Amino acid sequence: MGQEGRTGMVNQAVSSEDLTSASTGEKGGLPSSALMSTYARFPVAFVRGEGTRLWDETGREYLDFLAGIGVNNLGHCPPTVVAAIRAQAGVLMHTSNLYRIPLQEQVAQRLVGSCFADRVFFCNSGAEANEAAIKLVRKYTQERDRGRERAQTGRFEIITAGNSFHGRTMATLTATGQDKVKRGFEPLVPGFRHVPYNQPEAVEKAITPATAAILVEPIQGEGGIVIPDAGYLPALRAIADRHGLLLVLDEVQTGLGRTGRVWCHEWSGITPDIMTVAKSLAAGLPMGACLATEEVARAFSPGSHGSTFGGSPLVSAAALATLDILLDPDFLAEVSAKGDYLVERLRTLQLRHDMIKTVRGRGLMIAVELNSPAEEVLGVCLSRGLLLSCQLGSTLRFLPPLTVTRAEMDQAVAILDGVLMDSF
Ligand SMILES: Cc1ncc(COP(=O)(O)O)c(C=O)c1O
């Protein structure tokens, strides 16, 4: 379908009333379901995707500027990944981590070749990757400190940031710096302290004889695309070194090209001791990973940790095809250029709409902060064929596929322009 036809399709869409009411969790008119109600879902079901576009059950077309919350970094159904999955599905999908999995070994090689790490543990999600990191911090620290003076043993605490998001398992929701994620799940896991993000001095003040590590996102994603000062990560690295702590970076949302570098921490010039990854690693199949230096990774031995599905031949084949594209420097340079383009277009929009307070971003991880609640704007955008998400009440989040075109970015900005003009 040509661009013109697509635009037409995108603009004829479902009623915004349906969508905005659903976004607040009211499901008027929706059929009852056997699912647990852990999500306030929009009443739209997508049945097909290609590149930046999705189609719903009625054939309506949408521009996907959320990309499965940063998962579909190569767009929907990227042909080389689809081909790799198809081929591998017909040969071998799953064996067990009781045996060697050569494809998994190849993915690990590609990952360690792209960063500071020497070893990789594979799992199935971001929360699991962070669970692995938390366990590794405890195991490494206990083994390192064994035999030391009593005053230097018993370290297990991890300092994390307010408004952070690290997952929804018991340990990762405890690590998360948002009360709404924890409420009702007490007692929480011991060993986590929260300090304000982007304040290295607060981290230093929070260190006790029990502190083992610092865990942060290089840019806070669920917290509203919060980009710290350039000196923040270097300061955390220095603090960690000074106090004998591990630095753990959660790159679940920022990693794999999202910010225009393979890893977001490359912008800061420092490296962590442990890093977690998931989301787009297998372009839509569930895969997560915890990466670490040789010294730290050595603390894990057979039986320390595991995952039945982690790094199966099927997801590993998908990851190899994904990394072929995501690790290409030319591809990453384009992501940066496209990110600059979208930020500039959104800043131009800001001049026309008082409702836009700020536009910020790095690569294709972009936020438009409004002076008023973003929820309703989000619903109307969806009704006009544009998928975004909203964070902390007033922030619209843009996480388009990294393969997005300039024409698609123009189209998304035009939709948002129309929504702000007509509805608010
Ligand atoms: C930074 C970060 N860490 C961890 C997670 C949890 O990942 P998952 O939902 O795959 O468990 C997310 C999810 O959005 C995330 O953004």
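> Outline the sheet that holds strand E14 (residues 389–391), listing residues and values.
The 4 strands are arranged E11-E12-E15-E14 in an open sheet whose pairing can be described as antiparallel. Only two strands of the sheet have a single neighbouring strand rather than two, namely strand E11 (356–362) and E14. Pairs of neighbouring strands in the sheet enclose a mean axial angle of 25 degrees, with direction left out of account. On the sheet, helix H14 (residues 375–383) packs against strand E12 (365–370), E14 and strand E15 (395–398) and is oriented at approximately 175 degrees with respect to E14.

> Would you mind going over the site of the ligand in detail, with residue names and values included?
Around the ligand there are 13 residues in total, and Gly-126, Ala-127, Asp-250, Gln-253 and Lys-279 lie nearest to it. Note that an oxygen atom of the ligand is positioned 2.8 Å from one of the backbone N or O atoms of Gly-126. Burial of the ligand by the protein chains amounts to 81% of its free accessible area of 390 Å². In terms of residue count, the dominant contributor to the shell around the ligand is helix H6 (residues 126–145) (3 residues). Looking at side-chain class alone, the shell around the ligand contains 3 nonpolar, 6 polar and 4 charged residues.

> Give me the lowdown on the domain arrangement of the chain, citing residues and values where you can.
Structurally, the chain comprises domain 1 (3–77 + 330–423) and domain 2 (79–327). Centre-to-centre, using C-alpha coordinates, domain 1 lies 28 Å away from domain 2. At the interface, 27 residues of domain 1 touch 30 residues of domain 2. Of the roughly 2,400 Å² buried where domain 1 meets domain 2, counting both sides, 64% is carbon and sulfur surface.

Conventions and cut-offs
Residues numbered from 1 in each chain as written. Predicted model: local features only at pLDDT ≥ 70, side-chain atom pairs only at ≥ 80, totals over all residues. Heavy atoms only, no water. Pairing = 2+ DSSP bridges. Helix = DSSP H or I, 4+ residues; strand = E, 2+ residues; numbered from the N terminus. Axes fitted to C-alpha atoms, helices over the stretch in contact; angles between N-to-C directions. Contact = heavy atoms within 4.5 Å. Near = heavy atom within 4 Å. Polar contact = N/O pair within 3.5 Å; in protein donor to acceptor, adjacent residues only side chain to side chain. Areas by Shrake-Rupley, 256 points an atom, 1.4 Å probe, with all protein chains shown as cover. Nonpolar A, V, L, I, M, F, W, Y, C, P; charged D, E, K, R; others polar. Domains from an automatic or database assignment. Buried area = accessible area lost by both parts, 1.4 Å probe.

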